[in-house]
Amino acid sequence: MAYVDGFLLTIPKGKLQEYRAIARRAGRVWKEHGALEYRECAGDDLATRMGTPFPRAARAKSGETVVFSWIVYKSRAHRDRVNAKVMNTQMPFDVKRMSYGGFKVIVDL
C-alpha cells in the first residue's frame, strides 16, 4: 500500500501567494525525485461545528489561513529515499507550528 506524508500549517494570508510559488517549486522537486502525488490545499470552508476546526487545531492567528498538504509515495522506504534526495528549503511560515507525520494508507478506493 501507498504511504503518505501529511502536513497542517498556518500561513499569513498576505504570504499565501509566496507560499504557493514555493510549494509549486517544491512539488516539482518531490515529483522529480519519485513522489507519486503532491497536493497543497488552502483553507476555504473552515467554520465547522463538527469536531475540531482546522484553524483551532493549527493554532491559526488572526490574519492567517490553514494549509493542508500531502505527498504520496509507494511505501515508507520509498518516502525515505525520496526525502533524502530533497534539499531543505526555507519556508514562509513558522515550522514549529506545523503538524507533520507519515501515514500508512488503510483504505484506497
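Our structure's up above, just so we're on the same page.
Conventions we followed
Every chain's residues receive numbers from 1 upward, in the order its sequence appears when written. Owing to the predicted nature of the model, reporting of local features is limited to residues with pLDDT of at least 70; listing and counting of side-chain atom pairs is limited to 80 or more, with chain, interface and lining totals taken over all residues. The basis for every side-chain value is the complete set of heavy atoms in the structure, and neither hydrogens nor water enter the calculation. Numbering goes from the N terminus for both helices and strands, where a helix is a DSSP run of H or I of at least four residues and a strand is a run of E of at least two. Contacts were defined at the residue level, with two residues in contact if any of their heavy atoms lie within 4.5 Å. For this analysis, a ring pair means two rings from Phe, Tyr or Trp (six-membered ring only for Trp) whose centres lie within 6.5 Å, classed as stacked if their planes differ by under 30 degrees, edge-to-face if by over 60, and tilted for the remaining angles. The classification of residues rests on relative accessible area computed with a 1.4 Å probe and restricted to protein chains. Under 20% of the type maximum is buried, over 50% is exposed, and intermediate values are partly exposed. Two strands are said to pair when DSSP picks up at least two bridges between them. In this description, a line fitted to the C-alpha atoms serves as the axis of each element, helices being fitted only across the stretch in contact, and the angle between N-to-C directions of two axes falls anywhere from 0 to 180 degrees.

**Considerations on the environment of Ser99**
Checked against the element boundaries, Ser99 lands in strand E4 (residues 99–104). In this structure the C-alpha to C-alpha distance between Ser99 and Tyr3, which are 96 residues apart in sequence, comes to 17 Å. Sequence-distant contacts of Ser99, defined by excluding residues within four places in its chain, comprise Gly6, Phe7 and Leu8.

**Describing the packing of aromatic side chains**
One pass over the full model with this rule turns up three aromatic pairs. Taking 5.7 Å as the distance between ring centres and 35 degrees as the angle between the ring planes, the aromatic pair formed by Phe54 and Phe68 counts as tilted. Taken together, the positions of Phe54 in helix H2 (residues 54–57) and Phe68 in strand E3 (residues 64–73) put the pair 14 residues apart, joining distant regions of the chain. For Phe68, a relative accessible area of 39% translates into the label partly exposed. Relative to Trp70, the ring of Phe68 has its centre 5.4 Å away and its plane inclined at 50 degrees; by these criteria the two rings are tilted. Each member of the aromatic cluster is reached from another via a ring pair, and the members are Phe54, Phe68 and Trp70.

**Examining the sheet that holds E4**
Read from one edge of the open sheet, four strands run E2-E3-E1-E4, paired in antiparallel fashion. Each edge of the open sheet is held by one strand with a lone partner, namely strand E2 (37–42) and E4. Across the sheet, the axes of successive neighbouring strands diverge by a mean angle of 15 degrees, strand direction being ignored. Where strand E1 (residues 3–12) lies against E3, 10 bridges are found, and the strand directions are antiparallel. When the bridges of E3 are listed, Val4 appears paired with Val72. Packed onto the sheet, helix H1 (residues 16–32) meets E1, E2 and E3 and runs at close to 170 degrees relative to E2.

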